[in-house]
Amino acid sequence: MTMRMGLLGGVGLSVLLLLLPGFLLGAGGPEEARKAGWEEGTPGRWNSLPERKVRADGDVFGAEVVLAPGTGVIWEKSARKTLQPGDTLDLEFLCAGTNRTSRDYQRFGEHFPLSVTAVFGEDSVSLPWKKRVADFFRAVWHGFSPKGIRLTYAYGNVVPVGSMYRLGEEETVFILAGEEERGKKVALVRNLREDFRAAYGRDPKGPVTRILVSAERPSRETGAIKAQIRLTSPLFR
């Protein structure tokens, strides 16, 4: 099993470099991302940072990561963008494997190897106060999510590709890729206003306030996987 995963990882990296030639040539680490306004951290309490390369330039953000078990990274950029009708996220995912222990439908049980989240920090869903309190104490242990309604575009495990579902009352997940897409480039353009309307039945009341890019591999997984992600959007300006 270990040998097979290593082979898949090597094939995935080779395909990665062929599909996006030159995109990350000369790319650096956290410093390049910080200069472009991206902050770097780890998802959850127990992860360490993976081996990674980053390029952030204007409308574009890209990263290559080697995800060993127990590693993860989140890049976050503040925004203040009121959506225009044509505002999109152009996404390119490529991953050599999936996180087989990810419980994609379960909040705090999901661990996507790659995901991108658009946060509408001024939007919310009306919840009973008891639910808010319970969510707060769960978040103390698992980690806090950004305030507001969130649209997450993810590389999943068991959920069918093309699925849209609520991970929590204020987070909707769109599964863009899974087991059958490993080692292949997945390129999609998402219209944020249309996706928000599909998820919540209305237009957003406020702007996109944050963009998060995440790569994670739980400690219970076996072997490292290589992955690449690229985003292009006017939201990054």
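Conventions adopted
- Going along each chain's sequence as written, the residues are numbered from 1 onward.
- It should be noted that, the model being predicted, local features are given only for residues of pLDDT at least 70 and side-chain atom pairs only at 80 or more, the latter also being counted only at that level, while totals for whole chains, interfaces and linings use all residues.
- The side-chain quantities take in all heavy atoms of the structure and omit both hydrogens and water.
- Helical segments are the DSSP runs of H or I of at least four residues, strand segments are the runs of E of at least two, and each set is numbered from the N terminus.
- For every residue, the accessible area obtained with a 1.4 Å probe (protein chains only) is divided by the maximum for its type, and the residue is called buried under 20%, exposed over 50%, and partly exposed between those limits.
- Contact between two residues is taken to exist if any of their heavy atoms lie within 4.5 Å; hydrogens are not considered.
- Shrake-Rupley sampling with a 1.4 Å probe provides the accessible areas, and residues are treated as covered by the protein chains on show and by no other component.
- A pair of strands is considered paired only if DSSP assigns at least 2 bridges between the two.
- When charges are counted, neither His nor the chain ends are considered; positive counts come from Lys and Arg and negative counts from Asp and Glu.
- For this document, the term salt bridge refers to a Lys or Arg side-chain nitrogen within 4 Å of an Asp or Glu carboxyl oxygen.
- Whenever two N or O atoms come within 3.5 Å, that pair is a polar contact, provided that in protein one can donate a hydrogen and the other can accept it, and provided that, for residues adjacent in sequence, both atoms are side-chain atoms.
- Arc, as used here, means the arc of the directions from the helix axis to the C-beta atoms.
- In this analysis, rings of Phe, Tyr and Trp, with Trp reduced to its six-membered ring, are considered paired at centre separations within 6.5 Å, and the interplanar angle assigns stacked below 30 degrees, edge-to-face beyond 60, and tilted for intermediate values.
- Between the N-to-C directions of two axes lies an angle of 0 to 180 degrees, each axis being a line fitted to C-alpha atoms and, for a helix, fitted only over the stretch in contact.
- As a per-residue measure, pLDDT tells how confident the predictor is, with possible values from 0 to 100.

### Let's talk about the overall build of the protein chain
The helix and strand tally for the protein chain stands at 4 helices and 12 strands. The burial tally for the protein chain puts 51% of its 237 residues in the buried class. Of all intrachain contacts in the protein chain linking residues separated by at least 6 positions in sequence, the fraction that spans at least 24 positions is 76%. With the model as given, the accessible surface of the protein chain reaches about 11,400 Å², and the carbon-plus-sulfur share is 54%.

### Observations concerning the pairing of strand 11 (residues 208–217)
Among the 10 residues that make up strand 11, 9 are buried, leaving the element largely enclosed by the rest of the structure. Direction of pairing for strand 6 (residues 114–120) relative to strand 11: antiparallel, over a ladder of 6 bridges. Counterpart to Leu 114 in the pairing with strand 11 is Ala 215.

### Topic: the side chain of Lys 77
Topologically, Lys 77 is positioned in strand 4 (residues 71–81). Here Lys 77 sits buried without a salt bridge, and the closest side chain of opposite charge, Asp 59, lies 7.8 Å off (N-O distance). Within the local environment of Lys 77, its side chain forms a polar contact with the backbone oxygen of Ala 36, the two atoms lying 2.9 Å apart. Sequence-distant contacts of Lys 77, that is, excluding residues within four places in its chain, are made with Ala 36, Gly 37, Trp 38, Thr 209, Arg 210, Ile 211 and Phe 236.

### Quick word on helix 4 (residues 192–200)
Listing the buried residues of helix 4 in full gives Leu 192, Arg 193, Asp 195, Phe 196, Ala 199 and Tyr 200. Angularly, the buried residues of helix 4 cover 165° about the axis, an arc narrow enough to put them on a single face. The residue sitting at the N-terminus of helix 4 and contributing the capping side-chain oxygen is Asn 191; that oxygen lies 3.2 Å from the backbone nitrogen of Arg 193. With its phi angle positive at about 75°, Gly 201 sits one or two positions after the end of helix 4.

### Topic: the packing of aromatic side chains
The full count for this structure, using the stated rule, is 6 aromatic pairs. Ring geometry for Trp 38 against Phe 61: centres 4.4 Å apart, planes inclined by 35°, an arrangement best described as tilted. Taken together, the residues Trp 38 in strand 1 (residues 38–41) and Phe 61 in strand 3 (residues 60–67) connect sequence positions 23 residues apart. Using a relative accessible area of 0% as the deciding quantity, one classes Phe 61 as buried.

### Describing the sheet that holds strand 10 (residues 186–191)
If you trace the 5 strands from one edge of the open sheet to the other, you get 2-3-12-5-10, paired in antiparallel fashion. Two strands in the sheet have a free side with no partner beyond their single neighbour: strand 2 (51–57) and strand 10. Averaged over neighbouring strand pairs, the angle between their axes works out to 10° when direction is ignored. Pairing of strand 5 (residues 88–95) with strand 12 (residues 225–232), which is carried by 6 bridges, proceeds in the antiparallel orientation.

### Details of the confidence of the model for the protein chain
Per-residue pLDDT for the protein chain has a mean of 82; in total, 78% of the residues score no lower than 70. Per-residue pLDDT, averaged within each element of the protein chain, yields its smallest value for helix 1 (residues 2–19) (37) and its largest for strand 9 (residues 171–177) (97). In the predicted structure, residues 1–23 sits below a pLDDT of 50 and forms 32 contacts with residues beyond four places in sequence or in another chain.

### Description of the environment of Val 189
Topologically, Val 189 is positioned in strand 10. In sequence terms Val 189 and Thr 232 are 43 residues apart; their C-alpha atoms lie 9.4 Å from each other. Discounting chain neighbours no more than four positions away, the residues touching Val 189 are Thr 88, Leu 89 and Asp 90.

### Concerning unusual backbone geometry
Phi at Phe 108 is positive, roughly 70°, even though this residue is not glycine. Within the secondary structure, Phe 108 sits in the loop between strand 5 and strand 6. Judged by relative accessible area, Phe 108 falls into the buried class, the value being 17%.

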